[in-house]
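# Close look at the chain arrangement
Spelled out, the chains give:
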Amino acid sequence: MGGKIDGKKIKEKVAYWAFLNLGTLLLAAGVYFFKAPNNFATGGVSGISIILSKFITPHVAWLGQTEIMIILNVLLLLLGLIFLGWQGTVKTVYCSLVYSFEMWLMKFIPVKLPMTGDIFMEFVYAMLLTGAGSAIIFNCKASSGGTDIVALIVKKYTRIQVGRALLLTDFLIASSTFFIFDIQTGLFSLLGLFTKAFLVDGVIESIGKSKFVTIITSKPEVIAPFILDTMHRGFTSYKATGGYSGEEKTVMLTVLKNSEALKLKARILQSDPAAFVILTDTHEILGKGFRDTVG
C-alpha cells in the first residue's frame, strides 16, 4: 500500500514539473518569436527590455533584447533572494533561469524574425503563447520572475495594493511605445496588455475547473465502490425523501476532474439509469487531490 502512495506522489511531482516547464517554454517562445520582433511591450521585464534594446543595441551590438532581459531578471532575482529569502523564491528562481536560458537557446534557431508579414497574426500568437504560459506557471503557484519579484517585495514591506501598482507600471511601459516606436505598435501593446490579463484569468479558470457531482440514487451500493476504488475519490452521502414519490433515496456528493466526471456519469447510466445526476462547474477546489501544493 505504501508503494502505491509513493508511486502516485512521484507521478504527481513529475506531472507538476513537466507542466511548469511547459509554461516556461510557451512563455519564452511567445516572447522571442512573436512579442519581441514586433516590439509588443505589454509590460514586465520583457517589455522593459524591448524598450531598452531600442537605445542600447545600436551602440552595443551584443547586448540585444534577450541579453538585456536576462541581466534584468538576474538582478531582480538577487533582490528577491535578499528581501524574500531562498524559500520564498525557489520556484521563481527556477522558472526565471529556465525561461532566460530557453530565450538564449532560441537565438540559435535558424528562422527569420518576424516570422510572417501579418502583424495581427503575430500579435495573436504572441498573446496566446505568453498568456497560456503565464497562466500555467501561475497555476503551478510559481512565477517567471521579473516584476513579480518586485510585487512580492512591495507586498511584504508595504500596504500598497500591488495589483494596481503593477497594472499602472505595465500601462506606462505599453504607453511609452507610442513615442519610442510608432502608433501601431503602441496600440497593439496596449491591446496586448488588457488581452493578456483576461486570457491569463480565463486559462487559469479552465485549468482549475472541476465538476461538483450530485447523485440521487436508490443504488448507492453500486456507485460507491466505483467512486472509492476505481476513481480513488471520496464522497459524502445522506438520506433524503423524494417530495413527489415519497421514496427514500441516497444523495451522494463528490468533486471530480472533468475526465473523471464523464467516466462516473457513464457508470451511473449503466448501473442505475433511474438515478438523478447534477454536474456543476466549479473553480478553486481546495483539498487533497485538487489544489495541493506539489513540488
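Here, every reference points to the structure presented above.
Below: a short report on this structure.

### Quick notes on the pattern of salt bridges
Proximity of charged atoms lets side chains of opposite charge pair with each other. Taken as a whole and judged by the stated rule, the model has four salt bridges. The partner of K107 in a salt bridge is E67, and the shortest N-O contact between them spans 2.4 Å. Of this pair, K107 sits in the loop between α4 (86-105) and α5 (119-139) while E67 sits in helix α3 (residues 65-84); the two residues are 40 residues apart in sequence, bridging distant segments of the chain. K107 gets classed as partly exposed once you look at its relative accessible area, which sits at 38%. Across the salt bridge formed by D281 and K211, the nearest N and O atoms sit 2.5 Å from each other. With a gap of 70 residues between them, D281 in strand β4 (residues 276-282) and K211 in strand β1 (residues 210-217) connect regions that are remote in the sequence.

### What to know about the pairing of strand β3 (residues 248-257)
In the sheet, β1 pairs with β3 via eight bridges, with the strands oriented antiparallel. For I216, the partnering residue across the bridge sits in β3 and is V251. With six bridges connecting them, strand β2 (residues 236-241) and β3 associate as antiparallel partners. For S237, the partnering residue across the bridge sits in β3 and is M252. Between the antiparallel neighbours β2 and β3 lie six residues, among them G246 with a positive phi of about 75 degrees.

### A look at the packing of aromatic side chains
By the definition in use, this model includes ten aromatic pairs. On the numbers, 5.1 Å between centres and 85 degrees between planes, the contact of W17 with Y94 is edge-to-face. Separated by 77 residues along the polypeptide, W17 in helix α1 (residues 2-35) and Y94 in helix α4 bring together distant segments of the chain. For Y94, a relative accessible area of 29% corresponds to the partly exposed category. A centroid spacing of 5.4 Å and a plane angle of 20 degrees characterise the contact between F34 and Y125, whose relative ring orientation is stacked. Remark: Y125 occurs in helix α5 and F34 occurs in helix α1; sequence separation between them is 91 residues.

### Quick look at the packing of α5 against helix α8 (residues 183-207)
Two elements in contact, α5 and α8, have axes whose closest approach is 8 Å; the angle formed by their N-to-C orientations is 40 degrees. By the angle between their directions, the pair α5 and α8 is classed as oblique. Between α5 and α8 lies a crossing whose hand is right-handed. Grouping the constituent residues of the contact of α5 with α8 by class yields 16 nonpolar, seven polar and one charged.

### As for the side chain of S53
Tracing the backbone through its elements, the reader meets S53 in helix α2 (residues 44-56). At 2.7 Å, the side chain of S53 forms a polar contact with the backbone oxygen of I50. What S53 contacts, discounting residues up to four positions off in sequence, is P58, G64, Q65 and I68.

### Some words on the state of the cysteines
Note on terminology: disulfide describes a covalent bond linking the sulfur atoms of two cysteines. Under the criterion given, the structure shown has zero disulfides. Between C95, a cysteine without a disulfide, and C140, which holds the nearest cysteine sulfur, the sulfur-to-sulfur distance is 7.7 Å.

### Points about the sheet that holds β4
An order of β2-β3-β1-β4 is seen for the four strands of this open sheet, with the pairing classed as antiparallel. Edge positions in the sheet fall to β2 and β4, since each has one partner strand and no second. Put simply, the sheet's adjacent strands are angled 20 degrees from each other on average, direction ignored. Both β1 and β4 contribute to a ladder of seven bridges, which runs antiparallel. Among the inter-strand pairings, T214 is bridged to a residue of β4, identified as I278. Lying over the sheet, helix α9 (residues 220-230) contacts β1 and β3, oriented at roughly 15 degrees with respect to β3.

Conventions adopted
Residues numbered from 1 in each chain as written. Predicted model: local features only at pLDDT ≥ 70, side-chain atom pairs only at ≥ 80, totals over all residues. Heavy atoms only, no water. Salt bridge = Lys/Arg side-chain N within 4 Å of Asp/Glu carboxyl O. Helix = DSSP H or I, 4+ residues; strand = E, 2+ residues; numbered from the N terminus. Buried < 20%, exposed > 50% of the residue type's maximum accessible area, 1.4 Å probe, protein only. Pairing = 2+ DSSP bridges. Phe/Tyr/Trp six-rings, centres within 6.5 Å; stacked < 30°, edge-to-face > 60°. Axes fitted to C-alpha atoms, helices over the stretch in contact; angles between N-to-C directions. Parallel < 35°, antiparallel > 145°, perpendicular 65-115°, else oblique. Left-handed = near helix turned anticlockwise from the far one by under 90°. Nonpolar A, V, L, I, M, F, W, Y, C, P; charged D, E, K, R; others polar. Polar contact = N/O pair within 3.5 Å; in protein donor to acceptor, adjacent residues only side chain to side chain. Contact = heavy atoms within 4.5 Å. Disulfide = S-S within 2.5 Å.

Just distances and angles here, no functional claims.
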